Amino acid sequence: MPDLRAYLSALQGQLGAKTLGALPAGSTSDTIVERTYSGHSGGTTDFRAWVEKNTYAGGNSAAQVIGRNGAMEFTHSGGTVTFAYYTQAFIRLGRLGSSTGNITTARIWEGHIANEGSGTIAEATVFMAQDVDLLDGTGAIGNIRSFYSGNIGHASRITGTAIGYDQADITGGAAQTIGYRSQVSDGTNKYNLFVAGSAPNLIFSNTRIGDTTRPQNALEVKGYFKAANLGTFLASGSYHELRQSQNTFALRVSNGHGSSPRGVQITFDAFSPNNTSETFLTCTDTVGDAARIYSSGNGVNRNNSWGGISDRKFKHHIVDARSQVDDFRKLRFRRYRLKYEGDDGKEYLGLIAQEALKVSPGLVNKAANDDGSTHYELAYSILYMKAAVALQETIFVVDDHENRIGQIERTLAA
């Protein structure tokens, strides 16, 4: 048997007088293997710089089978390691300014899992880390990131961000916690996509669905938006749809502006049909259309009933109406055509707002346009009420005249 001390001494000489088990002071590398390959110009075969194959044959049962296992521990009592990598690799094509060939596809890490037999692989993960954790220490980690792992971090010792993709659990104690398909506790700056816990499903930026256009708003959708609590829609047509089955409103729109709120606007932004074929609003039930507002502005409903809320409990200072007959004597009813319908357009009957304003200001309202200009509007519903009052006054006058004529006739007959 050769002398072990002599063998180790010779081995030390081959390794450059390096002490076995310890890296010489000032050294930057331990084991270095450098090879240069050339002359393979045909490109007809694969080339592998390092090949390692392990085959397990026969009847084998084992708690774990690990192809390659290693550990790197730091127990130094002082100093700082700027970067700690267990595995680091890079692919470099040429050097700066050099002329080189090409690489079709460059991959730092590629794995392959296959089941070509009759057995079962219960779970297959190409890349996985175990817990990315602080265990029971007292030190902090600034930012922590993981692709697939068990748990990430203890609740109170991540000082920056905790970001994970498909984690069992991510600490909720980080200043910002972001996860994809992860368990994240609820709270401020906790975001999750495909949530497994109680954190809000939010992304802290503008989001667009349907194409690659950069979003300008909190949420943008390219395509048709459909939402229903039933899980089904009326049809798969080309329209947006909101549907619900509860005994309440299907949609509520609110405006919280403190002085000049606005409601809903329906706009045809490519054409002005101005007819009774296209509608701005159609109200439909199981029988058919109940009401329509056409693109011309005309409105119709099924039973020709239009009304207003008139309960006494909403009113006060109730007195008799003044006479309206004099107003109707002064109002000028006109025939006219609308400019946007052309010279051959339909002839209408009505009032001119500026003329009515001089007789009865309560009939007229001055409204603002979107471009800052103004126009006058006439409240025909009030005009109809004034007409009803005037008609009632006329009826009273006719009744009085009939009574007087009757009295005269009876006197003459006597």
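Residues numbered from 1 in each chain as written. Predicted model: local features only at pLDDT ≥ 70, side-chain atom pairs only at ≥ 80, totals over all residues. Heavy atoms only, no water.

### Things to note about the confidence of the model for the protein chain
Low-confidence regions, as indicated by low pLDDT, have predicted coordinates that should not be scrutinised in detail.
No. 1: Averaged over every residue, the pLDDT of the protein chain is 82; the share at 70 or more is 84%.
No. 2: In the predicted structure, residues 14–20 sits below a pLDDT of 50 and forms 9 contacts with residues beyond four places in sequence or in another chain.
No. 3: Long-range and interchain partners of residues 195–203, a stretch whose pLDDT sits below 50, account for 24 contacts in this model, where long-range means more than four residues apart. (pLDDT = per-residue confidence, 0-100. Contact = heavy atoms within 4.5 Å.)

### Re the packing of aromatic side chains
No. 1: Taken as a whole and judged by the stated rule, the model has 5 aromatic pairs.
No. 2: Arranged with centres 4.4 Å apart and planes meeting at 10°, the rings of Phe-268 and Phe-280 form a pair that is stacked. Of the two residues, Phe-268 is situated in the loop between β10 (241–243) and β11 (279–284) and Phe-280 in strand β11; the sequence distance between them amounts to 12 residues.
No. 3: Judged by its relative accessible area of 32%, Phe-268 falls in the partly exposed class.
No. 4: Taking the relative accessible area as the measure of exposure, Phe-280 reaches 29% and is therefore partly exposed.
No. 5: Taken together, a centroid distance of 6.3 Å and an interplanar angle of 40° make the contact between Tyr-380 and Tyr-384 tilted. Residue Tyr-380 and its partner Tyr-384 are located together in helix α4 (residues 380–413), separated by 4 residues, close to a single helical turn.
No. 6: Between Lys-226 and the ring centre of Tyr-239, over which it is positioned, the NZ or CZ distance is 3.9 Å. (Phe/Tyr/Trp six-rings, centres within 6.5 Å; stacked < 30°, edge-to-face > 60°. Helix = DSSP H or I, 4+ residues; strand = E, 2+ residues; numbered from the N terminus. Buried < 20%, exposed > 50% of the residue type's maximum accessible area, 1.4 Å probe, protein only. Lys NZ or Arg CZ within 6 Å of the ring centre and 35° of its normal.)

### Things to note about the side chain of Lys-386
No. 1: Structurally, Lys-386 can be placed in helix α4.
No. 2: Once residues lying within four places of it in the same chain are set aside, the contact partners of Lys-386 are Arg-322, Gln-324, Asp-327, Phe-328, Ser-360 and Leu-363.

### Considerations on α4
No. 1: Here α4 is 34 residues long and its end C-alpha atoms lie 48 Å apart, about the 50 Å a rise of 1.5 Å per residue gives.
No. 2: Listed as buried for α4 are Leu-383, Lys-386, Ala-390 and Gly-406.
No. 3: On its buried face, α4 is in contact with α2 (325–330). (Expected span 1.5 Å × (residues − 1).)

### Comments concerning the sheet that holds strand β12 (residues 289–294)
No. 1: The strand order across the open sheet formed by 3 strands is β11-β12-β13, and the pairing between neighbours is antiparallel. Either end of the sheet is taken by a strand with one partner, and the two such strands are β11 and β13 (299–301). Strand-to-strand twist of the sheet, defined as the mean angle between neighbouring strand axes without regard to direction, takes the value 5°.
No. 2: The sheet contact formed by β11 and β12 spans 5 bridges and is antiparallel. Bridging from a neighbouring strand, Thr-282 pairs with Arg-292 of β12. (Pairing = 2+ DSSP bridges. Axes fitted to C-alpha atoms, helices over the stretch in contact; angles between N-to-C directions.)

### Re the layout of surface pockets
No. 1: Estimates place the volume of the second largest pocket at around 840 Å³.
No. 2: Residue lining of the second largest pocket: 22 residues in total, with Tyr-336, Leu-338, Tyr-340, Tyr-348 and Tyr-380 positioned closest to the centre.
No. 3: For the lining of the second largest pocket, the element with the most residues is strand β17 (residues 374–378), which contributes 4 residues.
No. 4: Residue composition of the lining of the second largest pocket, by class: 11 nonpolar, 8 polar and 3 charged. (1 Å grid on protein atoms, 1.4 Å probe; cavity = no way out; pocket = protein on both sides within 12 Å on 5 of 7 lines; lining within 4 Å. Points joined across faces, edges and corners; volume = space filled by probe spheres on them. Nonpolar A, V, L, I, M, F, W, Y, C, P; charged D, E, K, R; others polar.)

### Brief notes about the nonpolar core
No. 1: Core analysis: the biggest nonpolar cluster contains 8 residues, these being Leu-331, Leu-351, Ala-353, Ala-356, Leu-363, Val-364, Leu-378 and Leu-383.
No. 2: Setting aside its immediate chain neighbours within four residues, Val-364 contacts Ala-353, Ala-356, Leu-357, Tyr-376 and Glu-377.
No. 3: With 6 residues, the next largest nonpolar core counts Ile-152, Ile-158, Ala-162 and Ala-174 among its residues. (Core = buried A, V, L, I, M, F, W, Y, C linked by side-chain atoms within 4.5 Å.)

### Considering the pairing of β12
No. 1: Count of turn residues in the β11/β12 antiparallel hairpin: 4 residues, of which Gly-288 carries a positive phi of about 155°.
No. 2: Bridging between β12 and β13 involves 3 bridges; their strand directions are antiparallel. Bridge pairing links Ala-291 to Asn-301 in β13.
No. 3: Taken together, β12 and the strand that follows it, β13, pair antiparallel across an intervening segment of 4 residues, in which Gly-297 is found at a positive phi of about 100°.

### Remarks on the environment of Asp-370
No. 1: Mapping Asp-370 onto the fold places it in the loop between β16 (364–368) and β17.
No. 2: Other than its neighbours up to four places away in sequence, Asp-370 contacts Arg-262 and Gln-265.

### Structural notes on the environment of Asn-217
No. 1: Looking at the element boundaries, Asn-217 is found in the loop between β7 (207–209) and β8 (219–221).
No. 2: Owing to a relative accessible area of 45%, Asn-217 belongs among the partly exposed residues under this scheme.
No. 3: Between the C-alpha atoms of Asn-217 and Thr-207, which are 10 residues apart in sequence, the distance is 7.3 Å.
No. 4: The residues contacting Asn-217, other than those within four sequence positions of it, are Asn-206 and Thr-207.

### Section: the pattern of salt bridges
No. 1: Scanning the entire structure with this criterion turns up 13 salt bridges.
No. 2: Across the pair Glu-110 and Arg-107 runs a salt bridge, and its minimum N-O distance is 2.7 Å.
No. 3: Note that Asp-327 and Lys-386 form a salt bridge whose closest N and O atoms lie 2.8 Å from each other. Taken together, the positions of Asp-327 in helix α2 and Lys-386 in helix α4 put the pair 59 residues apart, joining distant regions of the chain.
No. 4: Looking at Asp-327, the relative accessible area reads 7%, which means it is buried. (Salt bridge = Lys/Arg side-chain N within 4 Å of Asp/Glu carboxyl O.)

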